[in-house]
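Examination of the molecular architecture
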2 protein chains.
Amino acid sequence: MANRDNLLKLAKLIRYYILVSTSQAGSGHPTSALSATDLLTALMFGGTFRFDADNPGHPNNDRLLFSKGHASPLLYSSWLAAGKVTEEEIMTYRKFGSRLEGHPTTVFPYVEAATGSLGQGLAIGVGMAVNAKYIDNLPYRSYILLGDSEMAEGSQWESIQLAAYYKLDNLIGILDVNRLGQRGETMYGHDIAAYEKRISAFGWETIIITDGHDMDEILAAYEKIPQVKDRPVMVIAKTVKGKGVSEVEDKNGWHGKALDKDLLQKALGELGEVDKSVRGSIARPDDLQPADRGPGPAIAEMSYEKGKSVATRNAYGNGLKRIFPQFPDMVVLDAEVSNSTRAEYFKDAHPERFFEMFIAEQNMAGTALGLFARGKLPFVSSFAAFLTRAFDQIRMSQYSYANIKFCGSHAGVSIGQDGPSQMGLEDIAMFRSITGSVVLYPSDAVSTEKLVEAAAKHKGMVYIRTTRSGTPVIYGTDEQFAIGGSKVVRESDGDSVTVAAAGITLHEAVAAHEELKKEGLMIRVIDLYSIKPVDAETLRKAGSVTQHLVVVEDHHPEGGIAEAVRSALGDYDIPIHSLAVTKIPKSGKPEELLDFEEISRKAIIKKIKELL
Amino acid sequence: MANRDNLLKLAKLIRYYILVSTSQAGSGHPTSALSATDLLTALMFGGTFRFDADNPGHPNNDRLLFSKGHASPLLYSSWLAAGKVTEEEIMTYRKFGSRLEGHPTTVFPYVEAATGSLGQGLAIGVGMAVNAKYIDNLPYRSYILLGDSEMAEGSQWESIQLAAYYKLDNLIGILDVNRLGQRGETMYGHDIAAYEKRISAFGWETIIITDGHDMDEILAAYEKIPQVKDRPVMVIAKTVKGKGVSEVEDKNGWHGKALDKDLLQKALGELGEVDKSVRGSIARPDDLQPADRGPGPAIAEMSYEKGKSVATRNAYGNGLKRIFPQFPDMVVLDAEVSNSTRAEYFKDAHPERFFEMFIAEQNMAGTALGLFARGKLPFVSSFAAFLTRAFDQIRMSQYSYANIKFCGSHAGVSIGQDGPSQMGLEDIAMFRSITGSVVLYPSDAVSTEKLVEAAAKHKGMVYIRTTRSGTPVIYGTDEQFAIGGSKVVRESDGDSVTVAAAGITLHEAVAAHEELKKEGLMIRVIDLYSIKPVDAETLRKAGSVTQHLVVVEDHHPEGGIAEAVRSALGDYDIPIHSLAVTKIPKSGKPEELLDFEEISRKAIIKKIKELL
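All figures in this text were calculated on a predicted structure; none of them were measured in a lab.

1. A few points about the overall build of chain A
A tally of helices and strands in chain A yields 22 helices and 19 strands. The C-alpha radius of gyration computed for chain A amounts to 27 Å, which stays within 12% of the reference 25 Å derived for 612 residues, consistent with globular compactness. When contacts within chain A are restricted to residue pairs at least 6 apart in sequence, those whose partners lie at least 24 apart make up 78%. For chain A, the centre of its 68 positive side-chain charges and the centre of its 79 negative side-chain charges are spaced 0 Å apart.

Written out as structure tokens, the structure reads:
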């Protein structure tokens, strides 16, 4: 355990590197790092934080996350003080190819998850803490460094509610109240009582630090943490932005600015002599192993009768339940609609691995990321429409190379009477836009279950889109479905047009095929269940035979299936036509809406007759 | 003022129509409507609510919004009780073409804004209340009916913070605590003290109703509302879901389910005799006019020197400031980054029309919608990356036919050192996916200002994408820019390839042109500043001359500019190639990142040489 003098030396060392690394980079957020320096030094090297720095993946390591990601110079300087970053490396801060990026990413091994979009850290903490308390049964704690201005983000209050609900006494927020946001004072300024009142109202234990630069007060506050039971803890500290550099201390206009050469020299002079040789030691974690999960029951076979009507959302629920023994790291989250998404099928079978996230989609996505960070395989579901609520969290997950599966149910206008607010019509565009993502949109129960399994096996972000109403089972249970694949479901030598569809519109295309066949007109129908990546080869083959390709989708045209197809085919030989949702939908029967939007069998037939 | 007996009669009438209209529709949320029936009846017909039902647009009308949009049968039945919906019409509930959609939309004239995605109503209320208190200076109040389960949404707590910050004593939430969410109990169940504690901690006045079905208690509570000064008011009422139908009262499993024929008969029997002739009268509003804005100063000319480096974000700020006299309904909102987005240029010039929204993008988007609902023209800015936070609110705005302008700054990898968390790389995909939206991406200061003006003139959702770093002014100040237009900036008879670009990559394309020209290779360069709608004609014309089209964009390929081009061109003659951001970016210099992602001048030259 480091003594007080040593901590002061370390804080000075850390301040030194915050200043020189940002000035060297010519950008960064030194003042936001300086305000939290003493809080973090005391945490890491004062005996509270327990971590095996030689083994960042140790299951008993406490977790440390900078929700205020812009304080990254503090993070890197602290790991320098722990002996894990060299002086040479810290001078590469913000340089192309450096592990030390402007905002923390998981390229640096001491980062749990990429941050930098504010207000996301607590949710990730909820995931890591849920894992410790309810899944791995390990005593590690998750510490989240929070900025005051990011407390305006609603996502934080979602996490505050959920953390209290789940009694996460292993989740500790450290709130750095430095008064100043980017462009001026925060809503509550230096009124730490305002934070105390609001956060404690939600059932959190609050511990106040009136001077966030007084090492004794900080250490005394941290000592109270382990005594708190059954409630999360928020340490609320009054700090000074830019602490230690009197020219910028508590001054507006210094957010996100590095000191220039002259000011840096002045600041270093003020800092005084720095012992560059001092290094801090971190307390050792326990050496426990995660709770043994034991062997699960054997995987049941799936059983669907061809031609029977089964909603793909039902198959999603069935699939989750069925594959769990094969994927014991699975955790299922749902935003208070599990009876609609059918995640409840899993919940009923494996309640210990289901966590109700209530109507708080942002926290849900962040919690999934936290669970992923601790080695779990999260499946996350809500209505497709409402997953848009978590776009920023989903976006950020790509920078943690996350392995999370999202399922959006009630996709498209085919949900009918509930009306447009409930219709996912932008979800494919959203999930396609994520680097390396996979987007799947099965049309029947068998393909859904197979794709749930394929999603579980795939490493990376996967989105599965499901449909509210029942659709006929069209595949046998031994049919294979691969990410990037497709199925030609209707084909003849005389096909004149290819219709590519997925989900609900595949059945419309098949119905159009039957109608046109009666008139002697043959069309090819492709089930494009994998939208990203899309099966360009099969489409090309169809394109070499038929004269037109028509893509039909229950989604807006922008960013949807037709655009995926167009991008994949580049210099395709035949014209590509799109039937998609282009008018503001209304309430009505599913069939009425498919007709209204011109994506129904009727519309497909009409389009084909126009083309030929 | 209606007497107590009359209110009871009206509540019975309303319950009757809630039940019969949902049963007739075969779907809907009768139980969620019944819990709030007495609260709403007392509000509308008990003298508290003031509204000229013959003139829904009356500037002094109190505003009423169902944040719990699924309680729509209550809304429609209440307006039936006010004489504004017939029995015949209410039986069209949820039918195709009816004004009475499953969740409220503005097709029904007594709806302020479309709702149905939970947790968005308070933010819209903030916008309407800000308008009353700070812009129009009118005494109307905004009443927001809230569900208990939607209080899990962080967006609500953003609004709770902002409403208190702006001392909105004209904003009244009515929280219907009926204990049950969709799939079971909410986080706090019937514990109304839990809500009271949390909401009052944020500085709201809370008024408790222990029995939300006791007309006297409700009326007494409402009488307290006008006495509250300088703080928003939350009326928190304990209610029973399905109140009045003992078979379903307070029972799980009855969310979103209409009663079948038998159960309906039973329920109507329990309801007893209904006086179908009774109608309620609503108190009259004042007859004041919005504050006169007076004539603004004359619009200054813009002044930029060709060749000089000016960031388009700066031009956005300049443009807002300059055009204000021409658009006196303008209101500017920003999420605590106005010094970066340059919305502060407007704020400094017209502080009375600038509202700091802090780091709470969801509330900001909802507030904009509320301001639009009250006739204002909101301009909303943040980093492009962080607007993804408000995707669900943006999505919902399309169903209110909203006229809101969004500006996302710091777009693309070209922001450099701050790293991927701050880079908007999915924003074009997001905004393109909105029905009828316009997406603009200017490359220089002149076009930016002209497009800010075009955006203000256009009725509908517009997104303007701006760049962090300076780019040379390439247009004269008399150049014209139209939504749907483009500019051919480099052109010759011998052009072999067309490069279409926008924003930062336009300058890379121009630089590539200069390089290639030295080698005798001529390329056409098009400034595709209007991405939606895109100028297909100019592209077609270029396609008839050159052999290839290369689209270069600082955005992910999915849903981006190349896909917009491909969709617009359909059966284009020449191959379309895409250069876009396909790798996870890092921190680095802008040029390094443009090179790394292969969207720089170097990459363009390489691509063109490959093609020819």
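2. Let's talk about the packing of aromatic side chains
Scanning all chains against the criterion turns up 50 aromatic pairs over all chains. Relative to phenylalanine 346 of chain A, the ring of phenylalanine 324 of chain A has its centre 5.4 Å away and its plane inclined at 80 degrees; by these criteria the two rings are edge-to-face. Taken together, the positions of phenylalanine 324 of chain A in the loop between helix H11 (312–323) and strand S7 (330–334) and phenylalanine 346 of chain A in helix H13 (residues 343–349) put the pair 22 residues apart, joining distant regions of the chain. Pairing tyrosine 166 of chain B with phenylalanine 355 of chain B gives two aromatic rings, centres 5.9 Å apart and planes at 70 degrees, and the pair type is edge-to-face. With tyrosine 166 of chain B in the loop between helix H7 (154–165) and strand S3 (171–177) and phenylalanine 355 of chain B in strand S8 (residues 354–356), the pair connects residues that are 189 residues apart, well separated along the chain. For the pair tyrosine 166 of chain B and phenylalanine 355 of chain B, a shared accessibility class is recorded, and that class is buried.

3. A short note on the environment of aspartate 573 of chain B
Position of aspartate 573 of chain B relative to the elements: it lies in the loop between helix H21 (561–569) and strand S19 (576–579). Separated by 25 residues in sequence, aspartate 573 of chain B and histidine 548 of chain B place their C-alpha atoms 9.1 Å apart.

4. Comments concerning the sheet that holds strand S14 (residues 487–490) of chain B
All names here are of chain B. Sheet architecture is open: 5 strands sit in the order S14-S16-S15-S18-S19, paired in mixed fashion. The open sheet has two edge strands, S14 and S19, and neither has a second partner. Each strand of the sheet is rotated relative to its neighbour by a mean of 25 degrees, with strand direction disregarded. As paired elements, strand S18 (residues 548–552) and S19 share 4 bridges and run parallel to each other.

5. A look at the relation of the copies chain B and chain A
Structural alignment of chain B on chain A gives an RMSD of 0.0 Å, achieved by rotating through 180 degrees and translating 0.0 Å along the axis. In short, the pair behaves as if placed about a two-fold rotation axis. When the interface residues of chain B are mapped onto chain A, 100% of them again lie at the interface, so the same face is used by both copies.

6. Structural notes on unusual backbone geometry
All names here are of chain A. Proline 533 follows lysine 532 through a cis peptide bond whose omega is -5 degrees. Tracing the sequence through the fold places proline 533 in the loop between strand S17 (530–532) and helix H19 (536–545). Even without being glycine, phenylalanine 358 reaches a positive phi, approximately 55 degrees. Here phenylalanine 358 shows up in the loop between strand S8 (354–356) and helix H14 (361–373).

7. Regarding the interface of chain B and chain A
Note on interface size: it is often stated as the accessible area lost on association of the parts. Across the boundary between the two partners, chain B contributes 99 residues, which contact 99 residues of chain A. Buried area between chain B and chain A, both sides added, is near 8100 Å², and the carbon and sulfur share of it is 52%. Per-residue buried area on chain B facing chain A is highest for Phe96, Arg183 and Arg389 of chain B; these three make up 10% of the total on that side. Run the count over chain B and chain A and you get 14 salt bridges. On inspection of chain B and its partner chain A, the count reaches 58 residue pairs in polar contact (both at pLDDT 80 or more). Element by element, the count of residues in the side of chain B that touches chain A is highest for H7 of chain B, at 7 residues. Looking at the side of chain B that touches chain A residue by residue, the classes come out as 33 nonpolar, 39 polar and 27 charged.

8. As for the pattern of salt bridges
One pass over the structure, following the stated rule, counts 76 salt bridges over all chains. Between arginine 389 of chain B and aspartate 392 of chain A there is a salt bridge, with its nearest N and O atoms 2.8 Å apart. With arginine 389 of chain B in the loop between helix H15 (384–387) and helix H16 (391–397) and aspartate 392 of chain A in helix H15 (residues 391–397), this residue pair bridges two chains. The class for arginine 389 of chain B is buried, based on a relative accessible area of 0%. You can call aspartate 392 of chain A buried: its relative accessible area is 0%. Where glutamate 449 of chain B meets arginine 322 of chain B, a salt bridge forms, and the shortest distance between an N and an O atom there is 2.5 Å. Of the two residues, glutamate 449 of chain B sits in helix H18 (residues 445–457) while arginine 322 of chain B sits in helix H11 (residues 312–323), which places them 127 residues apart along the sequence. Each member of the pair, glutamate 449 of chain B as well as arginine 322 of chain B, is classed as buried. Each of Glu153, Asp392 and Arg395 of chain A together with Arg389 of chain B takes part in salt bridges that share partners, so that together they form one network.

9. Some details on the side chain of glutamate 150 of chain B
As for its position among the elements, glutamate 150 of chain B is in the loop between strand S2 (142–147) and H7. Polar contacts involving the side chain of glutamate 150 of chain B include one to the main-chain amide nitrogen of glycine 119 of chain B, which spans 2.6 Å. Not counting chain neighbours up to four residues away, the residues in contact with glutamate 150 of chain B comprise Ile359 of chain A together with Ser67, Lys68, Leu118, Gly119, Gln120, Leu145 and Gln156 of chain B.

10. Some remarks on helix H1 (residues 4–25) of chain B
A rise of 1.5 Å per residue sets the reference length of H1 of chain B, with its 22 residues, at 32 Å; its end C-alpha atoms lie 31 Å apart and thus fit the reference within 8%. Where H1 of chain B terminates, the next one or two residues include glycine 26 of chain B, which has phi positive at roughly 80 degrees.

11. What to know about the sheet that holds strand S16 (residues 523–527) of chain A
Hydrogen bonds between backbone groups are what pair the strands of a sheet, and the pairing can be parallel or antiparallel. Residues and elements named next belong to chain A. Spatial strand order, S14-S16-S15-S18-S19: 5 strands in an open sheet with mixed pairing. In the strand order of this sheet, the two ends are held by strand S14 (487–490) and strand S19 (576–579), each with one partner. Averaged over neighbouring strand pairs, the angle between their axes works out to 25 degrees when direction is ignored. Sheet strands touched by helix H20 (residues 561–569): strand S18 (548–552) and S19. Its angle to S19, the strand with the most contacts, is close to 165 degrees. Relative to the sheet, helix H22 (residues 601–611) contacts strand S15 (497–501), S16, S18 and S19, its axis offset from that of S19 by approximately 150 degrees.

12. What to know about the packing of H1 of chain B against helix H9 (residues 215–224) of chain B
All names here are of chain B. In the contact formed by H1 and H9, the axes pass within 11 Å of each other and the chain directions differ by 110 degrees. For the element pair H1 / H9, the angle class is roughly perpendicular. On H9, the residues touching Arg4, Leu7, Leu8 and Ala11 of H1 are Met215, Asp216 and Leu219. Classifying every residue of the contact of H1 with H9 by side-chain character gives 5 nonpolar, no polar and 2 charged.

13. Examining the environment of leucine 371 of chain B
Residue and element names in this part refer to chain B. Assignment of secondary structure puts leucine 371 in helix H14 (residues 361–373). A C-alpha to C-alpha distance of 8.5 Å links leucine 371 and valine 126, two positions 245 residues apart in sequence. If sequence neighbours within four positions are ignored, leucine 371 has contacts with Gly127, Met128, Val130, Asn131, Ile135, Val331, Leu333, Lys376 and Pro378.

14. A word on the confidence of the model for chain A
Looking at chain A as a whole, the pLDDT averages 96, with 99% of positions reaching at least 70. This prediction of the complex comes with two scores: 0.98 for pTM and 0.98 for ipTM.

15. Thoughts on the packing of helix H3 (residues 37–45) of chain A against helix H9 (residues 215–223) of chain A
Pairs of packed helices are described in terms of their axes, by the angle between the two and the distance that separates them. Residues and elements named next belong to chain A. Following both chains from N to C, one finds H3 and H9 inclined at 50 degrees, their axes separated by 10 Å at the closest point. As judged from the angle between their axes, H3 and H9 are oblique. Pair H3 / H9 crosses with right-handed handedness. Contacts between H3 and H9 pair Asp38, Leu39, Thr41, Ala42 and Leu43 from the former with Met215, Ile218, Leu219 and Tyr222 from the latter. When the residues that make up the contact of H3 with H9 are grouped by side-chain class, the tally is 7 nonpolar, 1 polar and 1 charged.

16. Section: the side chain of serine 21 of chain B
Residues and elements named next belong to chain B. The residue serine 21 is located in helix H1 in this model. Look at serine 21 and you get buried, because its relative accessible area is 1%. A polar contact of 2.6 Å, which involves the side chain of serine 21, links it to the backbone oxygen of tyrosine 17. A polar contact is formed between the side chain of serine 21 and the backbone oxygen of isoleucine 18, at a distance of 3.4 Å.

Procedures and definitions
- Residues numbered from 1 in each chain as written.
- Chains lettered and ligands numbered in written order.
- Predicted model: local features only at pLDDT ≥ 70, side-chain atom pairs only at ≥ 80, totals over all residues.
- Heavy atoms only, no water.
- Helix = DSSP H or I, 4+ residues; strand = E, 2+ residues; numbered from the N terminus.
- Rg over C-alpha atoms; globule rule 2.2 N^0.38 Å.
- Contact = heavy atoms within 4.5 Å.
- Lys, Arg positive; Asp, Glu negative; His and termini not counted.
- Charge placed at Lys NZ, Arg CZ, Asp CG, Glu CD.
- Phe/Tyr/Trp six-rings, centres within 6.5 Å; stacked < 30°, edge-to-face > 60°.
- Buried < 20%, exposed > 50% of the residue type's maximum accessible area, 1.4 Å probe, protein only.
- Pairing = 2+ DSSP bridges.
- Axes fitted to C-alpha atoms, helices over the stretch in contact; angles between N-to-C directions.
- Least-squares fit on C-alpha atoms with pLDDT ≥ 70 in both.
- Buried area = accessible area lost by both parts, 1.4 Å probe.
- Salt bridge = Lys/Arg side-chain N within 4 Å of Asp/Glu carboxyl O.
- Polar contact = N/O pair within 3.5 Å; in protein donor to acceptor, adjacent residues only side chain to side chain.
- Nonpolar A, V, L, I, M, F, W, Y, C, P; charged D, E, K, R; others polar.
- Expected span 1.5 Å × (residues − 1).
- Parallel < 35°, antiparallel > 145°, perpendicular 65-115°, else oblique.
- pLDDT = per-residue confidence, 0-100.
- Left-handed = near helix turned anticlockwise from the far one by under 90°.

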